[in-house]
Amino acid sequence: MRLRHCLFFVLALLLGPAAMATHNRAGEIIVCWTGDGLIYQATIITHTKLSAPADRPELTLFWGDGTSSTIQRAPPVDGPGDVRRNEYTARHTYAGPGIFVLSFDDQNRNAGVVNVPQSVSQSFCVKTQLVISAFAGNNCSARFLNRPLQDACLNRPWIHNPVAYDLDGDSLSYEPVVCLGLGCAPINGYQYPQQVAGGGGSTYSIDPLDGTIRWLNPQVLGEYNIAFKVHEWRRVQGQVVHMGWVTRDMQVTVRPCSNNPPTISEEADTCVVAGTFLSFPVQASDPDPGQVVTLTALGQPFVLSNSPASFVSPSPAQSVTGIFNWQTNCSHVRLQPYQVVFNAVDNDSEVQLQNFRTMTITVVGPAPQNPTATPNGSAIDLAWNQSVCSNVTGYRIYRRVGAYGFVPDHCETGVPAYTGYSLITTVSGLGTTTYTDAGPLTVGSQYCYMVVANFPDGAQSYASVEFCAILDRQVPVITHVSVGETSTVTGIDTVRWSNAYDLDTLLRPGPYQFRLYRGTGFTTATTLIHTSATHPFLAHPDTQFIDTGLNTKDQAHVYRVDFFGRADQVPADSIGSSASASSVFIGLVPNDEQLTVQWTLNTPWTNTLYEVYRDIGGTWTLVGTSTTGSFTETGLSNGQRYCYLVRSTGSYGNPDIVAPLLNYSQEVCGVPVDLTPPCAPTVDIDNDCETPLNTLTWDNPNDSCADDTYQYRIYFATGPDGPYTLVGTVVGAENTSFTHVDGLSVSGCYQVTAIDTVGNESAFVAPVCGDNCPQYTLPNIFTPNGDQVNDRFVPFPYRGVRSIELTVFNRWGLTVFETTDPDIRWSGTFKDTNETLPDGVYYYVCNVVYARLAADEVVQLKGYVHIAGGGSMQQQN
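All of these numbers come straight from a predicted model, not from anything done at the bench.

Participant: Explanation requested: the environment of Pro281 in the structure shown.
Facilitator: Structurally, Pro281 is set in strand β20 (residues 277-285). Taking the relative accessible area as the measure of exposure, Pro281 reaches 46% and is therefore partly exposed. Sequence separation between Pro281 and Asn86 is 195 residues, and the spatial gap between their C-alpha atoms is 36 Å. Discounting residues that sit within four places of it in the chain, Pro281 has contacts with Glu267, Thr321, Gly322 and Ile323.

Quick look at the structure:
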């Protein structure tokens, strides 16, 4: 027995891991919230070599919070290709939200993996990052519908898709990573397939959006392991939140063959409204004579619990057509599209090659139906039908002045910003199907609305049709505030308004009267400037006033019309007021050969166009248009005077109110002035630290972005953060170099600015910097004998020195000389008496401060110097 035991021990040592654990081929960890508190369930999935002697009835899972569990395996599933599929599942309660990296580490990988050095000795590890977020909620990781083992054919394209999906509907992205080994560290010497010596193929990549992996084309036979991460992303309250990742480590076996992969028809991404029955054909064929194709489909739509999709796979043939079918419903509506992957496999006797095609299907919620808008005094009541989707969480309501004519494009959900609609509110609840828009709204304007249904993950339905309403005109509506003359004392504004034609005259009888108020600026009118005569009917003829004696040059003016019934009584019946409306007020901003016209106004109608006119030879000539609040005219001459005015064009969007509404601004004049500096030069530095000398060179802005550069200023600082001081000026745009040294130091940073002929200076940009290569060396002898040769103790030629502190001692430790001068120039005399010191050996300590870019560097030099030819040795003794 003892001999048999020893022989077994020796064999185990000789065979090592190859005999004990040569099995791991592929694997991942998936994890998901159980729906109960902070309890999560994780499953380790491995694919092992069935023929290997090693087997793992249990594995240890590290939960990422400092704890671990030893998990028993569920009954394994053995399959073709020498593969055993293993699952190890356990539950764990986390203490609270956080980011946790789950992992397992198992000895060993199978032997002979081409791109994993000594693979039989390498551990097999995969990780999964779980994010439990108080902000973004609980989480389930991505999982896979395609197995992680697939053969490849030598010198043929290899294509694979893991068919990942996320139960939470999170968006997925993919990236290649290095396989992990012992301690879950990246395997030292690991190579991606295309990096393998001898021709691993020209290209290896993974599509970051759909996960398709392509290896074009493997050129070395054998087994390869590749790994990739699948990241989860979730949109929460307008923010994109990273929700973790899953790492899958998988194996590819490259075999010799002459096969070519099958082809699959390309299917375009699509959108369907929930409730649509989606059906379409998919075709596949094989280019090799005599071979047949098996066509299947994978993806989350096929594993849904409610109304899953189906795929009618045809019988294998050289050319086949399958049918995709899906009866969609409201439970399928979500923000992220569903990915469907079509897989074609041929029946080659050597290697069954595969091809994949991906497409996405977005299921969109139906638009809210039968919306209505009804005026109600100064508000508008909105209503619509309850959505047919019971999982709707509420509705978004959008408004604009006037109709746009929006018809959603294919898959264009919600209300896009380009329509001019603005979100005015969001209401909660499936059955909340009314809303009163109290504004403030302007009488006379047409208000149009669209309603969108919201879904739990943030998805939005198609928008409803546009529906509009106009508030009853029970008060006057101002239609015109236009400047007729520009002056500081004799300016003129013309004001017009329309009558309150929708007023109930039985309840609010006449006679009727208008009172017009004016204010300075854009918002408040409090000064009464006109009271109309009374009139018995609503169609009052007095609906215009010419306001004179104004300062229209320097001020805008705003107006309001108050409306009264029973104007023959005291007090009269105050029916209401119009919305305030101001004149268009413009200003000029000068710059180099250009003037920018800017305008401000406040009107209850919507202005859609602004026309800019310039006085050319006494005629106001159109020079440009704008839909914003400014216009810039270029190509002008600096120093010349130009005058402008602006005409606005607008409308209430109400067919019963005159349109277009045309109103003029005051006139304003200005002179273009060059306020634009040249662009900053691009600077290079030749940092010669041995000479020492810094040479700066730069480009001439006149060659690219300016035409009037006149000179340059060079600024210097000891560090990149400054402060910078002016150290030089170079005149002439063509002179683009400068040399500089800071004493004997070339450590420091530079800014070069360009200045034009009127003094505009370019901005500072990223500095260029140089550094010293400091050197400071002292001799070990000098001869202060008066022969003018080596009479002084001085350093050898030095550079990069900011300062020194030198102390010289005799052999008794007495200080005989001190200096802070880097040149030293000691003549061998005693520091207090200036008497000549005797010949002999003296010792020194020298603290040298080197000027360096990052920070001054302090170096201490210690040594000795021999005085020879000075005083006698007896004097020192």
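Participant: When you look at a nonpolar patch on the surface in this model, what are you seeing that I'm missing?
Facilitator: A surface patch of nonpolar side chains, amounting to about 220 Å² of accessible area, comprises Val671, Val673 and Leu675. Tracing the chain through its elements places Val671 in the loop between β48 (668-670) and β49 (683-688).

Participant: I tried to follow the nonpolar core on my own but got confused; where do I start?
Facilitator: For soluble globular proteins, nonpolar side chains are generally found buried alongside one another. Counting residues in each nonpolar core, the largest one holds 45 residues, and the members touching the most others are Phe324, Phe342, Ile380 and Tyr449. Ranked by size, the runner-up nonpolar core spans 33 residues in total, among them Val116, Ala152, Trp158 and Ala227.

Participant: What should I look at first to understand the sheet that holds strand β45 (residues 630-634) in this one?
Facilitator: Adjacent strands of a sheet form backbone hydrogen bonds with each other and so pair up, either parallel or antiparallel. If you walk across this open sheet you meet the 3 strands as β41-β42-β45, and the pairing is antiparallel. Since the sheet does not close on itself, it has two edges, and those belong to β41 (585-591) and β45, each with one partner. Ignoring which end each strand starts from, the neighbouring axes of this sheet average 20° apart. Note: strand β42 (residues 594-600) against β45, 5 bridges, orientation antiparallel. Bridging from a neighbouring strand, Leu595 pairs with Glu633 of β45.

Participant: Explain unusual backbone geometry here, please?
Facilitator: The omega torsion across Leu216 and Asn217 is -10°, close enough to zero to call that bond cis. Mapped onto the elements, Asn217 comes out in the loop between β15 (213-216) and β16 (222-236). Gly722 connects to Pro723 through a cis peptide bond whose omega is 5°. Turning to its location among the elements, Pro723 is positioned in the loop between β51 (709-717) and β52 (725-731). Here Asp82, not a glycine, exhibits a phi torsion of approximately 60°, which is positive. On the secondary structure map, Asp82 appears in the loop between β5 (77-79) and β6 (83-93). With relative accessibility at 27%, the residue Asp82 sits in the partly exposed group. Positioned with a positive phi, Val163 is a non-glycine residue whose angle comes to about 55°.

Participant: What is the right way to read the state of the cysteines from this model?
Facilitator: Should the sulfur atoms of two cysteines be covalently bonded, the bond is a disulfide. Under the defined criterion, the tally for this structure stands at 10 disulfides. Between the sulfur of Cys643 and that of Cys669 lies a disulfide, 1.9 Å long from S to S. Negative torsions about the S-S bond denote left-handed disulfides, and the value of about 105° found for Cys643 with Cys669 makes this one right-handed. One end of the pair, Cys643, is in strand β46 (residues 642-651); the other, Cys669, is in strand β48, with 26 residues separating them in the sequence. For Cys643, a relative accessible area of 13% puts it in the buried group.

Conventions used here
Counting of residues starts from 1 at the beginning of each chain's written sequence and follows it residue by residue. For this predicted model, a pLDDT threshold of at least 70 governs which residues receive local features, and a threshold of 80 or more governs which side-chain atom pairs are given and counted, while totals over whole chains, interfaces and linings are taken from all residues. Excluding hydrogens and water, the side-chain values take into account all heavy atoms of the structure. Only DSSP runs of H or I with at least four residues qualify as helices, and only runs of E with at least two residues qualify as strands; both kinds are numbered from the N terminus onward. Only protein chains enter the calculation, and the probe is 1.4 Å; a residue is then buried if its accessible area is under 20% of its type maximum, exposed if over 50%, and partly exposed in between. Whether two residues are in contact is decided by their heavy atoms: any pair within 4.5 Å suffices. Excluding any residue in a salt bridge, patches collect residues exceeding 30% relative accessible area, merging like charges within 9 Å and nonpolar Val, Leu, Ile, Met, Phe, Trp and Tyr side chains within 5 Å. The Shrake-Rupley method, run with a 1.4 Å probe sphere, supplies the accessible areas, and residue values consider only the shown protein chains as cover. What counts as a salt bridge is simple: a side-chain nitrogen of Lys or Arg found within 4 Å of a carboxyl oxygen of Asp or Glu. Each nonpolar core is a collection of buried residues, namely Ala, Val, Leu, Ile, Met, Phe, Trp, Tyr and Cys, held together in the definition by side-chain atoms within 4.5 Å. A pair of strands is considered paired only if DSSP assigns at least 2 bridges between the two. With axes taken as lines fitted to C-alpha atoms, and helix axes fitted only over the stretch in contact, angles between N-to-C directions fall between 0 and 180 degrees. Cysteine sulfur atoms that come within 2.5 Å of each other are treated as a disulfide pair.

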